[in-house]
2 protein chains.
Amino acid sequence: MNAVLEPLPPAARARLAIRAGEWTGHTSGLAEGHVQGNVVILPAAQADHFLRYCQRNPKPCPVLAVSEPGHASLPTLGAGIDIRTDVPRYRVWRHGELVSEPTEIRELWRDDLVTFIIGCSFSFEQALLDAGLPVRHIEQGRNVPMYRTNIATVPAGPFNGPLVVTMRPMLAGAVIRAIQVTSRFPDVHGAPVHIGDPSLIGIADLARPDYGDAVDVGPGELPVFWACGVTPQAAITQARPEFCITHAPGAMLITDLLNHELASF
Amino acid sequence: MNAVLEPLPPAARARLAIRAGEWTGHTSGLAEGHVQGNVVILPAAQADHFLRYCQRNPKPCPVLAVSEPGHASLPTLGAGIDIRTDVPRYRVWRHGELVSEPTEIRELWRDDLVTFIIGCSFSFEQALLDAGLPVRHIEQGRNVPMYRTNIATVPAGPFNGPLVVTMRPMLAGAVIRAIQVTSRFPDVHGAPVHIGDPSLIGIADLARPDYGDAVDVGPGELPVFWACGVTPQAAITQARPEFCITHAPGAMLITDLLNHELASF
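What comes next concerns the included structure. The structure displayed is predicted, hence computed values, not measured ones.

**Observations concerning the nonpolar core**
Part 1: I83, I195 and L253 of chain A together with I83, I195 and L253 of chain B are the most contacted members of the largest nonpolar core, which totals 82 residues.
Part 2: In contact with I195 of chain A, other than residues within four places in its own chain, are V175, I179, L222 and P223 of chain A together with A172, V175, I176, I195 and L222 of chain B.

Here's what the structure looks like:
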């Protein structure tokens, strides 16, 4: 990388600022238009199971990239990415317990670690907004509401657990358009998994999400549910691998990919 | 056409049987896989208004073809089509009143008549069935339920009236897939126009359709509403043109086009 001689593109610039420790917070709004990814780093022994888990549950776990064991680079997602420094804040887990939240993981790196980058709904939310559709938690300045459902994911090795979904309420006409828009983005959760009655997927009360914040549902609006990238995190919590590193919530990896490049047609 | 020397393709064969008076009933199930069209024939003076009406209301009035004035052929829809003989049963209207239901209209033909062929939901129903999705009225051996809504179409000249919709109930997962499948068919009504609460579009009681038959709605199912080709017929009834010929309900023009050729991607 040649940061001195020529101006860097926005995603690389954001990653360098993060690498330099200048940015340790949420990445929402950084390098706008660029794909951001959920981060899961596992020892190779667990990584094989986890990759099969993702393959079997592509809607909640769309894998954008998998590293070589021990390699900190992710060349398909951006030139010069170093996964040990380029995420603003990490979470380190040992046997399923959160042990620290460092801003870089160089000291923790091992030559058997495999990095997974998993698509995130930020990408399709951009497409929803561009289509003039409402994204209620953004309108209300809240975190997206997330719910554990009674839909089981397909297990692989120790990885297992319920499908977690996000919810965005809309009027029916917007629901139809939102299904069309998000169907174009299979790599970032794609089309919804449910519309309407929350009890049909085991959600007792929309006002009490399991993660994130509740949002207002207007008269005549239908709740629309998308598979959520918290699903693999729930599976990891349940699997209790001896060692695991994830991004801290909201502090994602910023890639060189553009959201619109993920559109399938 | 060379019916003597070589076997005809199924659509042409069906049209010839109809032309010969051998078939005067519904066309459902004939020449399976082929696009069938709603027929509207108007004098040129009204045809200009009607074409603008269709252009302004493409979801209920997707025009597959418009003839030259006085020409009985529709070359883009099939070699050798004669619109005066190739529909099993017609309805003849004068000043908005149904005056006869002949099986051919050669004697009524005028050199100012313009034929419109408008896409029909038969095409997307085939795609729904191929996708393993339920089409309740087919399951129940009934006509599709149709409802006048409180959604106004965009007027053009004397043509005006409410949007008429068809309804097919499904579970939410099937609704999402049905939106994807029918979005591929913009020339045959495309994606739904509404999902869920019928009262939001002015439908008081699903059990009492304005046209067709009621169908059962199962527990947890959402009613899904598509724009319907009865919409232009309602506009014509309201406009009361001095002369008009349509197909009799269910007795459509069979074209050489294949349903899957209408898929937009």
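After presenting the structure, the write-up continues.
**Here's the deal with unusual backbone geometry**
Part 1: For R240 of chain A, which is not glycine, the phi dihedral falls at a positive 50°.
Part 2: The class for R240 of chain A is partly exposed, based on a relative accessible area of 45%.
Part 3: One non-glycine residue, H189 of chain B, adopts positive backbone phi at about 85°.
Part 4: Structurally, the position occupied by H189 of chain B is in the loop between α5 (172–183) and β8 (194–195).
Part 5: Classification of H189 of chain B by relative accessible area gives buried; the value is 2%.

**Examining the side chain of N259 of chain B**
Part 1: As for its position among the elements, N259 of chain B is in the segment after β11 (253–258).
Part 2: We classify N259 of chain B as buried; its relative accessible area is 7%.

**Some words on helix α1 (residues 10–19) of chain B**
All names here are of chain B.
Part 1: Every buried residue belonging to α1 is among A11, A12, A14, R15 and I18, and all of these are buried. Looking straight down α1, one finds its buried side chains confined to an arc of 160°; they lie on one side.
Part 2: The inward-facing, buried residues of α1 abut β1 (34–43) and β11.
Part 3: Taken from the residues just after α1, G21 is the one with a positive phi, measuring 80°.

**Here we look at the interface of chain A and chain B**
Part 1: Tallying the contact residues gives 15 residues for chain A and 15 residues for chain B.
Part 2: Buried area between chain A and chain B, summed over both chains or domains, comes out near 1,200 Å², and the portion from carbon and sulfur atoms is 79%.
Part 3: Put simply, chain A and chain B have zero salt bridges between them.
Part 4: Taken together, the links from chain A to chain B amount to two residue pairs in polar contact (both at pLDDT 80 or more).
Part 5: Elements supplying a minimum of two residues to the side of chain A that touches chain B: α5 (172–183) and β8 (194–195) of chain A.
Part 6: Here the side of chain A that touches chain B gets six residues from one element, more than from any other, and that element is α5 of chain A.
Part 7: Here the residues of the side of chain A that touches chain B are counted per class, giving eleven nonpolar, four polar and no charged.

Rules used in this analysis
Every chain begins its residue count from 1, and numbering advances along the sequence as written. Following the order in which they are written, the chains are lettered starting with A and the ligands numbered starting with 1. The predicted origin of the model limits local features to residues at a pLDDT of at least 70 and limits the giving and counting of side-chain atom pairs to 80 or more, whereas totals for whole chains, interfaces and linings rest on all residues. Each side-chain value is worked out from all heavy atoms of the structure, with water and hydrogens disregarded. The set of buried Ala, Val, Leu, Ile, Met, Phe, Trp, Tyr and Cys residues whose side-chain atoms join them within 4.5 Å is what this entry labels a nonpolar core. Three exposure classes are used, based on accessible area relative to the maximum for each residue type with a 1.4 Å probe and protein chains only: buried under 20%, partly exposed in between, and exposed over 50%. Residues count as neighbours in contact if any of their non-hydrogen atoms are within 4.5 Å of one another. Per the convention used, a helix needs a DSSP run of H or I reaching at least four residues, while a strand needs a run of E reaching at least two, with both numbered from the N terminus. To obtain the arc, one takes the directions from the helix axis to the C-beta atoms. Accessible surface is computed with a 1.4 Å probe, and the buried area is the amount of it that two parts give up when combined, taken over both parts together. Salt bridges are identified by distance alone: a Lys or Arg side-chain nitrogen within 4 Å of an Asp or Glu carboxyl oxygen. Any pair of N or O atoms that falls within 3.5 Å is considered a polar contact. Within protein, one atom must be able to donate a hydrogen and the other to accept it, and sequence-neighbouring residues count only if both atoms are side-chain atoms. Think of it as three bins: nonpolar holds Ala, Val, Leu, Ile, Met, Phe, Trp, Tyr, Cys and Pro, charged holds Asp, Glu, Lys and Arg, and polar takes everything else, Gly as well.

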